[in-house]
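Chain residues, written in single-letter form:
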Amino acid sequence: MTIWVDDWQIQCCGQSFAPGDVVSWTLLEVDPEDYAGVVGSERATGIDFREE
């Protein structure tokens with residue numbers, strides 16, 4: 001699954017993590033069109049959730 005996390009959320013409010021780490025987040029389903037302008041339509045279709 002692919003999760004969108006805004007950079008400001010990591011910079012201000014969380015502990016660092018790396019691939020393979022266990023994390024606990026509140027996830028919300030996304031509309032890929034909301035991210036098409038940022039990462040392009042093809043990549044945006046792979047975003048499943050966003051961290052809230």
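Worth saying up front: this structure is predicted, and the values here are computed from it rather than measured.

Structural notes on the side chain of Gln9
Argument step 1. Structurally, Gln9 is set in helix α1 (residues 7-13).
Argument step 2. We classify Gln9 as buried; its relative accessible area is 12%.
Argument step 3. There is a polar contact of 3.0 Å between the side chain of Gln9 and the backbone nitrogen of Asp6.
Argument step 4. A distance of 3.1 Å separates a polar atom in the side chain of Gln9 from a polar atom in the side chain of Glu51.

With respect to the packing of aromatic side chains
Argument step 1. Taken as a whole and assessed by the stated rule, the structure comprises two aromatic pairs.
Argument step 2. Ring geometry for Trp4 against Tyr35: centres 4.8 Å apart, planes inclined by 45 degrees, an arrangement best described as tilted. With a gap of 31 residues between them, Trp4 in strand β1 (residues 3-4) and Tyr35 in the loop between β2 (27-29) and α2 (36-39) connect regions that are remote in the sequence.
Argument step 3. Taking the relative accessible area as the measure of exposure, Tyr35 reaches 11% and is therefore buried.

Definitions and limits used
Residues numbered from 1 in each chain as written. Predicted model: local features only at pLDDT ≥ 70, side-chain atom pairs only at ≥ 80, totals over all residues. Heavy atoms only, no water. Helix = DSSP H or I, 4+ residues; strand = E, 2+ residues; numbered from the N terminus. Buried < 20%, exposed > 50% of the residue type's maximum accessible area, 1.4 Å probe, protein only. Polar contact = N/O pair within 3.5 Å; in protein donor to acceptor, adjacent residues only side chain to side chain. Phe/Tyr/Trp six-rings, centres within 6.5 Å; stacked < 30°, edge-to-face > 60°.

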